[in-house]
Amino acid sequence: MPHTRNRNPSPIPEVTWDTGLKEMNETWKGAIACLGVAVFFVMTIGIIYWQVVDQPNKNWILKGSFSGLIWERRTQTLVIQTLTEDKTFAEIDVENVGNTDIEVPFVRNMCWLNKTEFCYTWDSVAEVRISLDSSEEDSDTECYSVTWTPIHCHVDLKDCFSMVNISWYGGASVHAPHWPINDANISMQPFTVSDLRDNPSGFGSVLERYFLGSSGVSVLVAPNIPLHVGMESRQQFCLQTPPSMERMPLQYTVCVGHNIRAVHQESMQQLSTARRELPNMDVLRLPFWKLLANVDSGAKLERELRTFSNRLKRHHLGEGVISLDEHSTALLANMDHSYLNSKKRTSKRQTRDLPFVKLLNISITLSPYLSVDSQQFQTSIQEGIEDYWLSLPTGPQGRPVPLLTQWKGKYSVKLNITNPEATNWFLDKVDSLHSHLGMEYVILEGGEGNPFEEQALRPPLAWIGDEYIRLLADLAERIGENTIVTSGTRYLTYCFVLTYIVCRLDWSLFVLKGIIPSLLHHSLLGYNFFIPDAVGGSLSAELVADDELFVRWLGIAAFLPVISFQTPPWVFEKEWVLNLTRFYIAKHHDFVIPLILKYTEEWQDTGNPIYRPLWWLSPNDLITFTIDDEFLIGNEVLVAPVTEKGALQRDIYLPESDFQWQDTNNAQVFDGGTFLEKYPVGLGDVAVFVQRRS
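Rules used throughout
Residues numbered from 1 in each chain as written. Predicted model: local features only at pLDDT ≥ 70, side-chain atom pairs only at ≥ 80, totals over all residues. Heavy atoms only, no water. pLDDT = per-residue confidence, 0-100. Contact = heavy atoms within 4.5 Å. Pairing = 2+ DSSP bridges. Helix = DSSP H or I, 4+ residues; strand = E, 2+ residues; numbered from the N terminus. Axes fitted to C-alpha atoms, helices over the stretch in contact; angles between N-to-C directions. Expected span 1.5 Å × (residues − 1). Polar contact = N/O pair within 3.5 Å; in protein donor to acceptor, adjacent residues only side chain to side chain. Core = buried A, V, L, I, M, F, W, Y, C linked by side-chain atoms within 4.5 Å. Buried < 20%, exposed > 50% of the residue type's maximum accessible area, 1.4 Å probe, protein only. Phe/Tyr/Trp six-rings, centres within 6.5 Å; stacked < 30°, edge-to-face > 60°. Lys NZ or Arg CZ within 6 Å of the ring centre and 35° of its normal. Disulfide = S-S within 2.5 Å.

## Observations regarding the confidence of the model for the protein
Next, step 1: Summing up the model confidence of the protein, the mean pLDDT is 84 and the portion of residues at 70 or higher is 82%.
Next, step 2: For residues 48-54, every residue scores under 50 in pLDDT, and the model assigns this stretch 8 contacts once sequence neighbours within four places are set aside.
Next, step 3: When the criterion is pLDDT under 50, residues 335-352 qualifies, and its contacts beyond four places in sequence or with other chains add up to 42 contacts.

Right, here's the structure in full:
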């Protein structure tokens, strides 16, 4: 039988192959596991490195024909730049994405199939949708429509636009007007018109949801959303919608163009699509003289009117409109009859006419307020017509309880303009006054403010924001073309707007130096036809005592749409002051009014302002963006008043143009782009330059 060979003759103990293979497998398994962990670790580090270090800081999310939208992840900003990245139009600090200390990664377009739309959602915060309007390939402007929608009702939606290296204009008039608005410092608050006499830190009489930047950018905020606005001086201005159960979105459109003038012209077309309506242009013809009469009866007021009218004639100041405040209007109206009985409201009052008053050009002042101490209010309660006034439905059996507010120091109620019977009563009141007094104009004040919001009450939907001002403007239109209002929003153009300033009488930005910034602000927003505050101010019974301040103020007012006085020139007892007053009244009539009428047609067709900043002629000239003490009337007249006390000279910049400028006082001719240093301007003069083509 065969035998087997000894396979391991050595003295070393025999180890089977199975045991060795098992031990070898255990070793390699450990090595492979370690290698796998190492590879996973390296891959993780690589991914983190790609996300944090190697990933680009910014990525293009939308591109137009000449501009594009960039997301910068480290700063959490949206940036609109030219495609060549040589110009930045706007930087928008996105504060809607949650904790700004946590870096937001690369964002991915969820609307990737649509090249003109960007969509993204930040978990538990908000979602954004941005659309690029590039319908016209040869258009000079491109617009980005931005809509932020909160995921839940506790989200603050807030976007901030950088002011660094960009001069911004527009928004709302304020207590101390700035041109541009970069120096303004305003806490975050509802973007609604308020009475600056009661709320000097709020927003004033003319307000639009429109901002314009010197880089060639504009911002138009949707009209029907609750909006808060705040400004940090020279840093940024912010748009915010407060948290609400309705989860209201933050909606705005950013348009960019090749320069500031081009983008403004395009924005004006979006703000007002219908043809712009003209107010009654007869308002321009005559100066307004505010009568200060501290009397307590209609008979005494008649005597004051007769005396004032005779003084105007004696000093050869021509015709004028004598303006009566609300108290004087009430005295003349002799309001001792109840208008509030709905069965009698169309009957005329049996009161005597005032034949002398009817011979005068007068304006009366009315408001939608009624004192709770008045007989009319008591009658309304007795007649059960409480719904004539803004009310709260908290009375017995759901009857409305009139909402108390304050107006000129008295507890009052405010007219409910949504009630047709209440508006008919008010219109009948105006008709009766017209038959009684024969007034030339009606000044309708008191639209500012929201009694519900002022008392931290949730307003009905009909009274959110500035809706009352819009409805009051509609009421003014029903009264007639001779109605003047004291506040405007939503592009109100069919009424003249009467503006006020604060009570101080000095040379500061709050008063004299604020006139030109206020003028440019009004005109830029489309309010070319307004009555500036009276020479010397009209919110104080104090008359101007400084004849230099009066004359310099008068020199500016002569080039505005309407000249208005409170301080009559004869109080100075100086013939040269009276002579200058006559001169500037004639200058306004013969020189300024024809200019306004000439450019009115252009404004109707294009929306171009009648009163223009210097950058209108030189939209790429950086110098012009911050000049706040000169203005243009159309393209052909430049006005440079003196606003410094005691100054008989000033620096003047003539913007670049394809024509020369000629001084109307001495006929000197200068090229555009010239800086005139310490240019002489006498006490009775205003530096005025007109276009002169070579």
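## Focus on the sheet that holds strand 10 (residues 186-190)
Next, step 1: Ordered in space as 1-2-3-4-8-14-13-10, the 8 strands form an open sheet in which the pairing is antiparallel. The strands lining the two open edges of the sheet, one partner per strand, are strand 1 (58-63) and strand 10. If you compare each strand with its neighbour and ignore which way they point, the axes differ by 20° on average.
Next, step 2: When strand 1 meets strand 2 (residues 67-72), the two strands line up antiparallel, connected through 5 bridges. Each bridged residue has a counterpart across the sheet, and for Lys63 the counterpart in strand 2 is Gly68.

## Focus: helix 2 (residues 260-271)
Next, step 1: The end-to-end C-alpha distance of helix 2 is 16 Å, a good match for the 16 Å that 12 residues give at a rise of 1.5 Å each.
Next, step 2: Capping the start of helix 2, Asn259 holds a side-chain oxygen 3.1 Å from the backbone nitrogen of Arg261, two or three residues further along.

## Remarks on the sheet that holds strand 23 (residues 410-414)
Next, step 1: Taken in spatial order, the 3 strands of this open sheet run 19-23-22, and their pairing is antiparallel. Lying at the two open borders of the sheet, with one neighbouring strand each, are strand 19 (369-371) and strand 22 (405-407). Pairwise comparison of adjacent strand axes, ignoring direction, gives a mean angle of 60° for this sheet.
Next, step 2: Both strand 19 and strand 23 contribute to a ladder of 3 bridges, which runs antiparallel.

## Notes on the nonpolar core
Next, step 1: In terms of nonpolar packing, the biggest core is built from 125 residues, with Leu305, Ile322, Ile362, Phe550, Phe559, Trp615 and Phe631 touching the most fellow members.
Next, step 2: Residue contributions to this core peak at 11 residues, all from helix 12 (residues 575-606).
Next, step 3: Residues within four places of Ile322 in sequence aside, it is in contact with Trp289, Leu291, Leu305, Phe308, Ser309, Leu312, Leu360, Asn361, Ile362 and Ser363.
Next, step 4: Formed by 53 residues, the second largest nonpolar core is a distinct cluster that contains Leu62, Phe66, Leu132 and Trp168.

## A closer look at the side chain of Glu448
Next, step 1: Residue placement: Glu448 occurs in the loop between strand 24 (441-444) and helix 8 (451-454).
Next, step 2: What makes Glu448 buried here is its relative accessible area of 10%.
Next, step 3: With residues near it in sequence (within four places) discarded, Glu448 still touches Val193, Ser194, Asp195, Tyr369, Lys414, Ile469, Thr486 and Ser487.

## Quick notes on the pairing of strand 24
Next, step 1: Side-chain alternation along strand 24 places Tyr441 and Ile443 on one buried face and Val442 and Leu444 on a second face that is also buried.
Next, step 2: With 4 bridges connecting them, strand 18 (residues 362-366) and strand 24 associate as parallel partners. Bridged to Leu366 within strand 24 is Leu444.
Next, step 3: Relative to strand 25 (residues 483-485), strand 24 is paired through 3 bridges, and the arrangement is parallel. Paired with Val442 across the two strands is Thr483, which belongs to strand 25.

## Points about the packing of aromatic side chains
Next, step 1: Inspection of the entire model under this criterion finds 31 aromatic pairs.
Next, step 2: Taken together, a centroid distance of 6.5 Å and an interplanar angle of 50° make the contact between Phe377 and Trp389 tilted. Placement of Phe377 in helix 6 (residues 375-382) and of Trp389 in the loop between helix 6 and strand 20 (391-392) is noted, with a sequence separation of 12 residues between them.
Next, step 3: By relative accessible area, which is 1% here, Trp389 ends up buried.
Next, step 4: Put simply, the rings of Phe161, Trp168, Phe191, Phe203, Phe211, Phe237 and Tyr252 touch in pairs and so form one group of aromatic residues.
Next, step 5: The ring of Tyr468 has Lys414 sitting right over it, with the charged end atom 4.3 Å from the ring centre.
Next, step 6: Of note, Lys587 hangs over the ring of Phe591, and the distance from its end group to the ring centre comes to 4.9 Å.

## Some points on the environment of Leu390
Next, step 1: Within the secondary structure, Leu390 is located in the loop between helix 6 and strand 20.
Next, step 2: Distance from Leu390 to Phe452, taken between C-alpha atoms, is 9.0 Å for residues 62 residues apart in sequence.
Next, step 3: Ignoring sequence-local partners within four residues, the contact set of Leu390 consists of Val401, Pro402, Leu403, Lys414, Leu415, Asn416, Pro451, Phe452, Trp463 and Tyr468.

## Remarks on the state of the cysteines
Next, step 1: For the structure shown, the criterion picks out 2 disulfides.
Next, step 2: Here Cys160 pairs with Cys238 through a disulfide, and the sulfurs are 2.0 Å apart. Across the S-S bond of Cys160 and Cys238 the torsion is about 105°, and the bridge reads as right-handed. One end of the pair, Cys160, is in strand 8 (residues 157-162); the other, Cys238, is in strand 14 (residues 236-241), and 78 residues separate them in sequence.

## Some points on the environment of Met439
Next, step 1: Along the polypeptide, Met439 turns up in the loop between helix 7 (420-437) and strand 24.
Next, step 2: Setting aside anything within four residues of it in sequence, one finds Met439 in contact with Ile362, Ile364, Val430, Leu433 and His434.

## Some remarks on the side chain of Glu117
Next, step 1: With respect to the helices, strands and loops of the structure, Glu117 is situated in strand 5 (residues 117-122).
Next, step 2: Taking relative accessible area as the criterion, Glu117 reaches 16% and is therefore assigned buried.
Next, step 3: At 3.1 Å, the side chain of Glu117 forms a polar contact with the side chain of Arg129.
Next, step 4: Of note is the side chain of Glu117, whose polar atom sits 3.1 Å from the side chain of Ser131.
Next, step 5: Apart from the residues within four sequence positions on either side, Glu117 is in contact with Leu62, Asn109, Cys111, Arg129, Ile130 and Ser131.

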